Amino acid sequence: MLRSLLTAVLCVSIGGLLVTAVKSDDISARAKKLHFSSIVVDTHDDTTQRFLDGNFDIGARHTDGSIDIPRMREGGLDAIFFSIWIPSKITGTDAVSRALTQIEAVRAQVRTHAKDLVLATTVAEVRAAQKEGKIAALMGVEGGHMINSDLDILRKFAGLGVRYMTLTHSGNDEWADSSTDTPAHNGLTDFGKDVVREMNRLGVMVDISHVSDKTFYDALEVSKAPMIASHSSCRALCDAPRNMTDQMMKDLAAKGGVIQINYHVGFLSQEFRDAEKANPDINKAIGAEVQKRCGDNEGCQLIEGDRITREYVAQGKLPRVDFAKIIEHIDHAVKVAGIEHVGLGSDFDGANMPYGMEDATKLPKITNALLKKGYSEGDVKKILGENTLRVVADVERLSRELSRQSKK
Ligand SMILES: [Zn+2]
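Remember, predicted model here, so these are calculated numbers, not experimental data.

Some points on the environment of G256
Mapped onto the fold, G256 is located in the loop between helix 9 (246–254) and strand 8 (258–261). Overall, the relative accessible area of 18% leaves G256 in the buried class. Separated by 167 residues in sequence, G256 and K89 have C-alpha atoms that sit 33 Å apart. Among all residues touching G256, those that are not within four sequence positions of it are P226, H341, R390 and V391.

Structural notes on the state of the cysteines
Here the structure, examined in full by the defined rule, presents one disulfide. Sulfur of C234: no disulfide; nearest cysteine sulfur belongs to C238 and is 9.9 Å away.

Notes on helix 5 (residues 123–131)
Note on helix geometry: an α-helix contains 3.6 residues per turn, so any two residues three or four positions apart are oriented the same way. Along helix 5, the residues that are buried comprise V123, V126 and A129. Angular distribution of buried residues about the axis of helix 5 spans 125°; they occupy a single face of the element. Within helix 5, the exposed residues directed more than 90 degrees away from the buried face are A124 and K131. Just past helix 5, the residue G133 takes up positive phi, approximately 75°.

Describing the packing of aromatic side chains
All chains considered together, the criterion is met by six aromatic pairs. Aromatic pair W175 and F191: ring centres 6.4 Å apart, planes at 75°, arrangement edge-to-face. On the criterion of sequence distance, the pair formed by W175 in the loop between strand 5 (162–166) and helix 7 (190–202) and F191 in helix 7 is long-range, its members being 16 residues apart. Take F191: its relative accessible area is 25%, and that puts it in the partly exposed class. Pairing Y263 with F348 gives two aromatic rings, centres 5.6 Å apart and planes at 85°, and the pair type is edge-to-face. Residue Y263 is found in the loop between strand 8 and helix 10 (265–268), and its partner F348 is found in the loop between strand 9 (342–344) and helix 15 (364–372); the two are separated by 85 residues along the sequence. Taken individually, Y263 and F348 each receive the classification buried, so the pair is uniform in this respect. For the cation-ring pair, R320 lies above Y355, with the distance from its terminal atom to the ring centre recorded as 4.0 Å. Against the face of F323 rests K365, its NZ or CZ located 4.4 Å from the ring centre.

Let's talk about the pairing of strand 4 (residues 135–142)
With eight of its eight residues buried, strand 4 lies for the most part within the structure. Alternating residues of strand 4 divide into I135, A137, M139 and V141 and A136, L138, G140 and E142, and every residue in both groups is buried. Sheet analysis places strand 2 (residues 79–84) next to strand 4, joined by six bridges and oriented parallel. The residue bridging I80 from the neighbouring strand is A137, located in strand 4. With helix 5 bridging strand 3 (residues 117–119) and its parallel neighbour strand 4, the resulting β-α-β unit is right-handed. Relative to strand 5, strand 4 runs parallel, the two sharing four bridges. Bridging across to strand 5, M139 finds its partner in V162. With helix 6 (residues 151–159) bridging strand 4 and its parallel neighbour strand 5, the resulting β-α-β unit is right-handed.

Quick look at the confidence of the model for the protein chain
The predicted model of the protein chain averages 93 in pLDDT, with 94% of residues at 70 or higher. The spread of mean pLDDT over the elements of the protein chain runs between helix 13 (residues 298–314), the lowest at 90, and strand 9, the highest at 99. Low confidence marks residues 3–24, where pLDDT is under 50. Its contacts with residues over four positions away, or in another chain, come to 75 contacts.

Criteria and thresholds
Residues numbered from 1 in each chain as written. Predicted model: local features only at pLDDT ≥ 70, side-chain atom pairs only at ≥ 80, totals over all residues. Heavy atoms only, no water. Helix = DSSP H or I, 4+ residues; strand = E, 2+ residues; numbered from the N terminus. Buried < 20%, exposed > 50% of the residue type's maximum accessible area, 1.4 Å probe, protein only. Contact = heavy atoms within 4.5 Å. Disulfide = S-S within 2.5 Å. Arc of directions from axis to C-beta. Phe/Tyr/Trp six-rings, centres within 6.5 Å; stacked < 30°, edge-to-face > 60°. Lys NZ or Arg CZ within 6 Å of the ring centre and 35° of its normal. Pairing = 2+ DSSP bridges. Right-handed = clockwise from strand over helix to strand, strands pointing away. pLDDT = per-residue confidence, 0-100.

Here you go:
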């Protein structure tokens, strides 16, 4: 999730990438076979915002947005983390109750579409879902402000099936600094460190997307479990503060963690980012148009933001970013952090997608491109989902150990 368009840090890529989009929809038979026999996991999707609008049916194929059951099936997406997100500015009990509403909205979708979706909270459940031909639905809370500085609320979220929490969103919370706010806590406060310890005990993955570099290093020091960056990209390729530096990726990997690459054009392309900085009025105009079309409907804002950005690209006012940028970031992260430490965290339905990766149906293109680049089938499987599942399994194991210890 990007936050609102008015404050979003959009990177765009100026020209130059138009040509590479051509013909990239041709998927080799080998890639198809590999893709559809692998477990494909996406650690970050904002489709939950659409659930809040009673008219959205995830069982129907849509022409807007990126995620619904027919398109997940067509793209071979086996496990999806639905993001529970509210803006950082909403705090206190209001934040808690709105988070609970979203958790229930995800659970209701699973109940309504029980033939296609199943709620999963463990690796075993994800693998079982794939065997049964169902899509595993998981949940991540995007922003520590939603626990209202109360470990009981964190426990409640975990009990309802939440399996990761992003320590902050785009603003600081009461106990951790964000990468896109003025530092207030010098990273994690003492209570913030307790939150991380309790997440370890509960088996809730620590997600460091969005947090400041200092918060990342504080969490890395405290967490006994490997951590994830559920939807971040590489700062060396696109200098967004919520992307990871090469050193951060190496340090995350050294403790067994995984960076799941974000497909948002503003985090993939330096050219896009530079263009946006050079033309701040465009972002303002997009924000105003989104407001006009959607009012306060967050789900609508996210979908329309992507659509309107595309209109500006089509008019030549913003650069066009091709899906090949996703592959560049994956490849860079693999070179820096290692093949065991990279996964996929699209930000579908919450960000601006590159050309050629408009929705979940396009996912086999990632498999195709990685094979073309010379990646082995085993390595592609790791990126598609096995690395993420390894972290989930490690976190589950540690949770059991810590729970046993605390009973002694
Ligand atoms: Zn986000």
